[in-house]
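# Coordinates in review
Each chain is listed here by its residues.
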Amino acid sequence: MFSSEHLKGITPFLATADAGSFTKAAERLHLSSSAVSKSVARLEERLGVMLFERSTRRLKLSDAGRAYYATCKRVLQELADAEDVLAEHATELAGKVRLGVPASYGRLRVMPALLQLCAQYPRLQPSIAFSDRFVDLFEERIDIAVRIGAPSHWPAALGQMHLGDERLIFCAAPAYLARHGRPMSIADLERHDCIAYGRGDGSPMPWLYADEHGGQLEYRVAAPRMTVGDAEARTAAVLAGLGVAQLATWLVEEHLATGAIVEVLPAFATPGLPLYLAWPLARQLTPKTGALLQELRQRLTIS
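Residues numbered from 1 in each chain as written. Predicted model: local features only at pLDDT ≥ 70, side-chain atom pairs only at ≥ 80, totals over all residues. Heavy atoms only, no water.

## Some words on helix α9 (residues 287-300)
An α-helical turn contains 3.6 residues, so any two residues separated by three or four positions project in the same direction. If you check α9, its first and last C-alpha atoms are 20 Å apart, about what 14 residues at 1.5 Å a residue would give, namely 20 Å. Listed as buried for α9 are K288, T289, G290, A291, L292, L293, E295, L296 and L300. (Helix = DSSP H or I, 4+ residues; strand = E, 2+ residues; numbered from the N terminus. Expected span 1.5 Å × (residues − 1). Buried < 20%, exposed > 50% of the residue type's maximum accessible area, 1.4 Å probe, protein only.)

Structure representation (structure tokens):
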């Protein structure tokens, strides 16, 4: 049966593991070194295992100590999460929330929305992870994620909210078009410098374009002027006048508005990947998460 005895020694143990010595742990806890050492020793005696491998230079967690450390950290985090949930009932958008967002879309679209929300709700404390890799929401304790693209079947444990589909357009800088002319058909792209999106192995991804029946066809760039595996870097290449690229409108909206980039071949623009908000259903839709989902949907939905 659980009792208060189970909690004794955990704080000195964690502090010692993090600091690597009883002395440094004692300084952090404002205790004497002997008090910390005795507390850890009593914990080891109660558990019946050695949590540390002791040497004259440094303490090192034993195998049992590493396992116990991970468990203690997880339990304390869950307690902190529980306290956050209770606080949310008083103020919906307050407390810590962890978000996972694609790198470029996160910087250009999600971050401005979050800055507005932080100004509106001063007690909101978002932690934002930027990554283009597929993020496991459960493994990385993500409360809300933005996904570009969707699996063929969503896991039953995930909730999802469709924000719309990105729109892919062909575009170039006015200076490039002044030198090379404006393409009038897909076939004209063969005589233009093309800036392609590169896969992990460096090979260019084909471009999609709309056919006359509303379907999609592929155009394979035979000899790209440049192959770039980053969306913002491709935009920079277009701005520098290096060629024609196919880009999502969310990447270039501001540049289209100022005229720094112009759309070409508008008849061949086509929908791109779908955008979603996703969240773990198992972690209960708290008032904070639910309110934040609605706020993000209002700001990120593609009209």
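## Overview of the pattern of salt bridges
Evaluated as defined, the whole model comprises ten salt bridges. Here E218 makes a salt bridge to R220, at a shortest N to O gap of 3.1 Å. Since its relative accessible area comes to 46%, E218 is described here as partly exposed. Among the charged side chains, a salt-bridge network with shared partners connects R109, E253 and E254. (Salt bridge = Lys/Arg side-chain N within 4 Å of Asp/Glu carboxyl O.)

## Let's talk about the packing of helix α5 (residues 103-120) against helix α8 (residues 249-258)
Closest axis-to-axis distance for the α5/α8 pair is 10 Å, and the angle between their directions is 45 degrees. By the angle between their directions, the pair α5 and α8 is classed as oblique. Note that α5 runs across α8; the crossing there is left-handed. Side by side, α5 and α8 meet where S104, Y105, L108 and R109 of the first sit next to W250, L251, E253 and E254 of the second. Here the residues of the contact of α5 with α8 sort into four nonpolar, one polar and three charged. (Axes fitted to C-alpha atoms, helices over the stretch in contact; angles between N-to-C directions. Parallel < 35°, antiparallel > 145°, perpendicular 65-115°, else oblique. Left-handed = near helix turned anticlockwise from the far one by under 90°. Contact = heavy atoms within 4.5 Å. Nonpolar A, V, L, I, M, F, W, Y, C, P; charged D, E, K, R; others polar.)

## Considering α8
Listed as buried for α8 are T249, W250, L251 and V252. Tucked into the core, α8 has its buried residues touching α5, β5 (144-148), β6 (158-172), α7 (231-239) and β11 (244-248). Phi turns positive, to about 85 degrees, at G259, one or two residues after α8.

## Looking at the nonpolar core
Core analysis: the biggest nonpolar cluster contains 37 residues, and L277, L292 and L296 have the highest contact counts within it. With residues up to four places along the chain from it excluded, the contact list for L296 reads L99, L114, L117, I144, L277 and T301. Counting residues in each nonpolar core, the second largest holds 18 residues, with A19, V40, L51 and C72 among its members. (Core = buried A, V, L, I, M, F, W, Y, C linked by side-chain atoms within 4.5 Å.)

## Focus on the side chain of E295
Inspection of the secondary structure puts E295 in helix α9. Residue E295 is classed as buried on the basis of its relative accessible area of 13%.

## Quick word on the environment of A113
Take A113: it is sitting in helix α5. Assessed through its relative accessible area of 4%, A113 is described here as buried. Counting along the chain gives 183 residues from A113 to L296, while the straight-line C-alpha distance between them is 7.1 Å.

## A few points about the packing of α7 against α8
With their axes 10 Å apart at the nearest point, α7 and α8 run at an angle of 30 degrees to one another. Overall, the two elements α7 and α8 adopt an arrangement that is roughly parallel. Considering the relative orientation of α7 and α8, their crossing is right-handed. Contacts between α7 and α8 involve A231, E232, T235 and L239 from the first element and L251, V252 and H255 from the second. The residue makeup of the contact of α7 with α8, split by class, is four nonpolar, two polar and one charged.

## Some thoughts on the pairing of strand β4 (residues 124-130)
Taken together, the seven bridges between strand β3 (residues 95-101) and β4 define a ladder with parallel strand orientation. Residue pairing in the sheet places G100 in a bridge with A129 of β4. Note on the crossover from β3 through α5 to β4: the handedness is right-handed. (Pairing = 2+ DSSP bridges. Right-handed = clockwise from strand over helix to strand, strands pointing away.)

All we've got here are geometric facts, nothing functional implied.
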